[in-house]
Amino acid sequence: MPWPKKICALCEEEFELKPDKPGFANHCPACTAFEMEEAAANKGPKDADQVRYEAEVNEARRASIKNLLYRKDS
C-alpha cells in the first residue's frame, strides 16, 4: 500500500507521509531536518539564574498541585 502524498507547506514539494516521521505532517523531511537544526542551535546553555528560577517555579508548581490534591475540605 503506497504512502499518502502530501505537499510541503514551506517548499511546496511533494513527499510521501510515512508513519513515525518527525516534525509536522505538512512539512517534507528536508524542511523538518532544517527546522530541528535551527531549534537546536537556538537552544543555548542556561545560566545559573535561569536554572534557579526554573527550579523555584517547578517547586511552587509541585506545592500547588500537592495542596489541590490533598487538602481537606471542611
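Right above here is the structure, for reference.
These notes cover the structure that comes with them. (Residues numbered from 1 in each chain as written. Predicted model: local features only at pLDDT ≥ 70, side-chain atom pairs only at ≥ 80, totals over all residues. Heavy atoms only, no water.)

### A few points about the pattern of salt bridges
- Under the defined criterion, the tally for this structure stands at three salt bridges.
- Its salt-bridge partner being Lys46, residue Glu54 comes within 2.8 Å of it at the nearest N-O pair.
- Here Glu54 falls in the partly exposed class, since its relative accessible area comes to 31%.
- Taking the relative accessible area as the measure of exposure, Lys46 reaches 48% and is therefore partly exposed. (Salt bridge = Lys/Arg side-chain N within 4 Å of Asp/Glu carboxyl O. Buried < 20%, exposed > 50% of the residue type's maximum accessible area, 1.4 Å probe, protein only.)

### Here's the deal with unusual backbone geometry
- One non-glycine residue, Glu12, lies in the positive phi region at around 60°.
- Counting through the fold element by element, Glu12 comes out in the loop between β1 (5-7) and β2 (14-16).
- You can call Glu12 exposed: its relative accessible area is 66%.
- Residue Asp20 is not a glycine yet carries a positive backbone phi of 60°.
- Tracing the backbone shows Asp20 in the loop between β2 and α1 (29-42). (Helix = DSSP H or I, 4+ residues; strand = E, 2+ residues; numbered from the N terminus.)

### A look at a nonpolar patch on the surface
- A surface patch of nonpolar side chains, about 380 Å² in accessible area, is lined by Ile65, Leu69 and Tyr70.
- Along the chain, Leu69 falls in helix α2 (residues 48-70). (Patch = residues over 30% accessible without salt bridge, like charges linked within 9 Å, V, L, I, M, F, W, Y side chains within 5 Å. Areas by Shrake-Rupley, 256 points an atom, 1.4 Å probe, with all protein chains shown as cover.)

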